[in-house]
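Residue-level listing of the chains:
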Amino acid sequence: MAQASGGVPRKEKAGGTVRADVAAAAPEGGIRRENLRRILTAAEQVFAEQGYGGATTAAIALRAGLPKANVHYYFSTKRDLYRAVLADILKQWLDPLAHVTPDSDPAQALAGYIRAKMRATRDRPVVSKVFAGEIIHGAEEIWGFLTADLKSLVDEKAAVLDGWIAEGRMAPVDTRHFFFFIWAVTQHYADFDAQVRAVLGRKKLTRRDFDTITAEVVRFILRGAGLSLPST
């Protein structure tokens, strides 16, 4: 989960480049932007339900309420569309890390990042499942991105946390695994939502449920880093 320099996740290999700035795939214009949004939303749902192999551009077009030709206008192949979905969620997940800097307050910066991840889980749980499926099946489409751009970003942000630890501003932790832990906990509520709802006795998690869960996740993770909740 990370972004390349300039905010654009990418993977160089036969078949093209993975890009997060998916809005650039369409010319300017409100109708075009709306069509792109509809296509990406539909694609998230179809890829989550049917997997990459089972999904078709015809099914995505039907879910989007658009002709199949419109889908191919923006995305030449199903693979291009799949990559756009992955890149879009990676950008949303990783952009908030920009606030994790050496001069930041550790509790404020980490709490802000955790809350941003939980909002993504609440608002776009389906696309998290698409990402999980990609990882489970070997990360074929984003392997280069994970080993280059993601690793670079995690190294950079882990160095920030290591600096906080050295200054006594945060309890000693393995900083790379600390990020893994944040990702695991925040994405759990999207990827394993059926389990969460079953145990909590909910048919659907409400916004109030997510507010409660987010507060507990923030509290739990910060305690592990020896941090207090930031004042609000």
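The present account deals with the structure reproduced in this document. Note that the structure is predicted; figures quoted are calculated from it, not measured. (Residues numbered from 1 in each chain as written. Predicted model: local features only at pLDDT ≥ 70, side-chain atom pairs only at ≥ 80, totals over all residues. Heavy atoms only, no water.)

Right, let's get into the overall build of the protein chain. Looking only at helices and strands, the protein chain has 10 helices and zero strands in total. For the protein chain, the succession of helices and strands along the chain, N to C, is α-α-α-α-α-α-α-α-α-α. Looking at the protein chain residue by residue over its 232 residues, the buried ones come to 45%. Surface exposure of the protein chain reaches about 11,600 Å², of which carbon and sulfur atoms provide 55%. (Helix = DSSP H or I, 4+ residues; strand = E, 2+ residues; numbered from the N terminus. Buried < 20%, exposed > 50% of the residue type's maximum accessible area, 1.4 Å probe, protein only. Areas by Shrake-Rupley, 256 points an atom, 1.4 Å probe, with all protein chains shown as cover.)

To continue, consider the nonpolar core. Membership of the largest hydrophobic core comes to 65 residues, with the highest contact counts inside it found for Phe47, Leu81 and Met170. Counting residues domain by domain, this core receives three or more from each of domain 1 (23-88) and domain 2 (94-224). The contact partners of leucine 81, leaving out residues within four places of it in the chain, are Ile39, Leu40, Ala43, Phe47, Ile60, Val71 and Phe75. (Core = buried A, V, L, I, M, F, W, Y, C linked by side-chain atoms within 4.5 Å. Domains from an automatic or database assignment. Contact = heavy atoms within 4.5 Å.)

Our focus in this paragraph is the packing of helix H1 (residues 30-54) against helix H6 (residues 125-136). Angle between the axes and distance between the axes: these two values describe a pair of packed helices. Direction vectors running N to C along H1 and H6 enclose 50 degrees, while the axes themselves pass 8 Å from each other. With respect to each other, H1 and H6 are oriented oblique. Regarding H1 and H6, the two cross each other, and that crossing is left-handed. Across the interface between the two elements, Glu44, Gln45, Phe47 and Ala48 from H1 touch Val126, Val127 and Val130 from H6. Its residues assigned to classes, the contact of H1 with H6 comprises five nonpolar, one polar and one charged. (Axes fitted to C-alpha atoms, helices over the stretch in contact; angles between N-to-C directions. Parallel < 35°, antiparallel > 145°, perpendicular 65-115°, else oblique. Left-handed = near helix turned anticlockwise from the far one by under 90°. Nonpolar A, V, L, I, M, F, W, Y, C, P; charged D, E, K, R; others polar.)

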